[in-house]
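Commentary on secondary and tertiary structure
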Amino acid sequence: MTILHTVNLKKSFGDTHAVDNVNFTVGTNEVVALVGSNGAGKTSLVNVITGMFPPDSGTIHFQGQDVTHYTTTERVRAGIARSFQLVNLFDKLSAYENVALAVFARDRKTHRMLSPADGDSAVRDETNELLRQFALHDKAVTLAGGLAQGERKLLDVAVAYALRPRVLFLDEPTSGVSTRDKAQIMDTVSAVVRGGKISAVIIEHDMDVVFRYSDRIVMMHEGRVLADGKPEDIRNNEQVAMILIGGKFTH
Amino acid sequence: MGTLIIQVLNSLLYASALFLIAAGLSLIYGVMRIVNLAHGTMYAVGAYVAAWAVGAAAGRIPVLGLYALIPLGAIVVAALGMVLEPLLLRPLYKRTEEYVLLATFGLLMVIDDGIRFVWGGTPLSASVLWEHMGGIQIFGLRYPIYNLMVFLVGVLAAFLLWLLVYRTHFGLLLRATSQNMRMASALGLNVKRVYVQAFGIGCFMAGLGGAIVVPSQAAVLGMGVDALVLAFVVVVIGGLGSLEGAFVGALIVSFVRTLGITFFPEIELAVLYLIAAVVLLIRPTGLFGKAS
Amino acid sequence: MRTAFHFQGVPVSWRSLGITLVVAALLLAVPTVLNPYQTILISYGLVMAIAALGFNLLLGYTGLTSFGHSAYFGVGAYTVAFLVKYLGVTSMELYIIVGFVVSAVISAVFGFLCVRYTLVFFSILTLALSQVLWSLAFKFFWVTGGTDGIRVPRPSLLAGTFQFTGSGAFLRFVNSYYYYLLVVFAVCVGVMWLIVHSPFGKALQAIRDNATRAEFIAVRVWHYRYAAFLISGVFTGLAGVLWVPLNGLTTPDVFYWPFSGEIVFMTVLGGFRNFTGPIVGAMIFNYLKTYAVATTEYWQFLLGAVLIALVMVLPAGIVGTAMQLLARLRKEA
């Protein structure tokens, strides 16, 4: 069952066709890895789908609705959320407050001016639960700006996940962290996504991560979708391997 | 009819000064992504220094020599700027934006009162220069030649600035830094030096604006903040970071201001704001502006 | 830090409670312990504290630096002046209600123009708008009394219950008005405390830290900034209303940009990243100003120089620095 699909999506920046006639689909409860070399258009595709830029042409459909011209807020409310490659947090607020804010926003409680935020026990409980799921509960009061890089990446995902989206876009969730942290981050994220029964699209460069955690792999190159299939199929795809790693996939 | 023509011509003088201030503001913003709230007070310092120099030397050297003192206002301001930027502003770039705003606002207060400290409360003028050039007859009314000269200076300055930014090596450095500071720095460009120089040039222009205006209009207290506010309107209309915008904006603002002073003296400032507001509503980045 | 009790889920420590009670006791004792002149001085401090609290909702919590808050203060002040001059109103409550409404209207209009922009554009636009009001007050002198201003006699308090005429009126007014102010001040502090600790307040801080991400969690940035601007303008307008009976006279100076500068200064002095910073800054500033103005003619120069020094060297302000020191001492203990 397809939950999100794009039809002939196009976006150019000057002469660069960042997204060139892309037909991208995401199924329910599916984890899709979006791969490709730098400049292939992965982030641009995610940017267009999540509402950062409008497409030049083409449409985006989510749960049967045409969301192409929705604002960012409308997309979030419809169920599309994203995390960021360059960690994008509220640095002067604590880890707890970052996640709580997403919960408040989701529940449309952010207009409340005359009651203390900490007084909402429903939000408090949910926030603490989320922090536990993302292994951040012991850092709850630390300011986001003061967390370690791996923790910041997890928090970035947690904030997006707190919006309880149907599709969660993760832009390089393991970039910039050590190999050991990578596994920990992906294990946590994967457990949460699978446990929450939501779909996820993960932009990722590390092919080990891709093969281990995804149900489906979509490879982009120069703005176009070059390959789309199960990990085993992609692994045997020599063209993909040549572009991505200049040889064949091992093991 | 004749009065109207004269008024329009009068506004050319003011347009030149406004252009210089606004272009300086735009240049600094374009390269450094900051706005110096004391920029208008730099204009005021330029005016006061020029007026003082002319007043001090008048009678001692021939009048033609006095004209040479006018750029002194601009030079002093440029020097001031090149001392202040590394001292006051550079430590603040790595902090969030409000710190630069707060610091330059403090600077505005310091320089504004500093002017009063140095030169007192009475207006200073250099009208001897303005009178010296005499006037010509237009439509039966006398129009000062000095005003026309200033407009020519303004056009010349615009041309020279354009040359500097688009045709010189230094201009290339300026544009590279403004477009991508990190990249420029990674390529070995001495960004600190470019910043100081850009700031210096921007201040020079503000000071020059004040200096050329002062023979026609006396230097008075409070002219700095008024100039800042007007330059801001120019930049809003023309677009921050755009040279052509500063030129066109200055003409529009000056023209409207002159009309306003003639016909609606009380609400002149409000009329300008109305125009700025309308422009902002239609084209938020100004007529020629780049989205920041 | 031990918790004394929970207020709607928010833990209140013994330390905060203790400090608040001590301060409250001190403030209540003022008219009894200090002479009328000093009582008036502290009254001014309370008024400016309300203005600074309003201002800091924008700076400290939303990340918007306004250099034109004199506009709302002046609007509040002139509302009172016009009510007196043209309608002969003497009730303080009417001043407050009408002043509230008028400030809200002006904030709504100015906010609409300013909030579409951030950073520098926002800041200069706020300055420019306050200058427009100043020039109007100055030039339409037949309406506003020009530089002579409009005199405002002592108002009646609590719907006419307390009037201040006859012998001993001055002293009675000073003390009564002080308590009146204290109550309003306490209400303002309470309301602002609730606002900044509410989900709305957290949303503002998120916008301050990362407006892009805020949009991506469905917080529509423009709306929140506008709401903050409105609240900020109304608080400062209220301060303007409360200021007039103390001053007795409303002149265009109340719109002039250095006055905005004073509000900015006192907030930075106290510390704009803390809730109590603006309050402390306003009270201390009031004393500083009285003594400095008596000492030097170049008061604005001093203000600017100290502001620069604060920004460069002590950006956390008095309260912020004190809290940093306390935290460090506790860590070492």
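Structure's up top.
Residues numbered from 1 in each chain as written. Chains lettered and ligands numbered in written order. Predicted model: local features only at pLDDT ≥ 70, side-chain atom pairs only at ≥ 80, totals over all residues. Heavy atoms only, no water.

1. Side note on the overall build of chain A
Where we set the bar: Numbering of helices and strands runs from the N terminus, with a helix taken as a DSSP run of H or I at least four residues long and a strand as a DSSP run of E at least two residues long. Two things to know: the radius of gyration comes from C-alpha atoms, and the globule rule equals 2.2 Å times the number of residues to the power 0.38. The rule is simple: take the accessible area with a 1.4 Å probe, protein chains only, and divide by the maximum for that residue type; under 20% is buried, over 50% is exposed, in between is partly exposed. Note on definitions: a residue-residue contact is assigned when non-hydrogen atoms from the two residues lie within 4.5 Å. Note on areas: Shrake-Rupley, 1.4 Å probe, and residue coverage restricted to the protein chains presented here. Here the positive residues are Lys and Arg and the negative ones are Asp and Glu; neither His nor the chain ends is included. Positions of charges follow a simple convention, taking NZ of Lys, CZ of Arg, CG of Asp or CD of Glu.
From N to C terminus, chain A includes 9 helices and 11 strands. Here the C-alpha radius of gyration of chain A, 18 Å, is about what a compact globule of 251 residues would show, namely 18 Å. Over its C-alpha atoms, taken along the principal directions, chain A stretches across nearly 55 × 40 × 35 Å. Buried residues in chain A amount to 54% of all 251 residues. Put simply, of all contacts in chain A between residues at least 6 apart along the chain, 66% involve residues at least 24 apart. When the accessible surface of chain A is summed, it comes to about 10,900 Å², and 48% of that surface belongs to carbon and sulfur atoms. Distance between charge centroids for chain A: 3 Å, based on 28 positive and 30 negative side chains.

2. Some details on the packing of helix H4 (residues 92-114) of chain C against helix H5 (residues 119-139) of chain C
Residue and element names in this part refer to chain C. Put simply, the test is: For helices, the axis comes from a line fit to the C-alpha atoms of the stretch in contact; other axes are also lines fit to C-alpha atoms, and the angle between any two N-to-C directions lies between 0 and 180 degrees. Any angle between 65 and 115 degrees counts as roughly perpendicular, while under 35 counts as roughly parallel, over 145 as roughly antiparallel, and the rest as oblique. Crossing chirality is assigned from the near helix's rotation relative to the far helix, an anticlockwise turn below a right angle marking it left-handed and a clockwise turn marking it right-handed. When residues are sorted by character, Ala, Val, Leu, Ile, Met, Phe, Trp, Tyr, Cys and Pro go into the nonpolar class, Asp, Glu, Lys and Arg into the charged class, and all the rest, Gly among them, into the polar class.
Interaxial distance between H4 and H5 falls to 10 Å at its minimum, and their mutual angle equals 140°. On the basis of the axis angle, H4 is oblique to H5. For the pair H4 and H5, the sense of crossing is right-handed. Together, Phe110, Leu113 and Cys114 of H4 and Phe122, Leu125, Thr126, Leu129 and Leu133 of H5 make up the contact between the two elements. Within the contact of H4 with H5, the residues separate by chemical class into 7 nonpolar, 1 polar and no charged.

3. Re the sheet that holds strand E7 (residues 80-82) of chain A
Residue and element names in this part refer to chain A. Let me state the cut-off plainly: Two strands pair if DSSP finds at least two bridges between them.
Spatially, the 6 strands line up as an open sheet ordered E7-E8-E9-E4-E10-E11, and their pairing is mixed. Strand pairing shows two members of the sheet lacking a second neighbour, E7 and strand E11 (224-229), which therefore form its edges. Strand-to-strand twist in this sheet, taken as the mean axis angle between neighbours without regard to direction, amounts to 20°. Note that E7 and strand E8 (residues 167-171) share 3 bridges and pair parallel. Among the inter-strand pairings, arginine 82 is bridged to a residue of E8, identified as phenylalanine 169. Docked against the sheet, helix H1 (residues 42-50) engages strand E4 (31-35), E7, E8, strand E9 (199-203) and strand E10 (216-221), running at close to 140° with respect to E7. Here helix H5 (residues 149-161) sits on the sheet in contact with E7 and E8, set at roughly 160° to E8.

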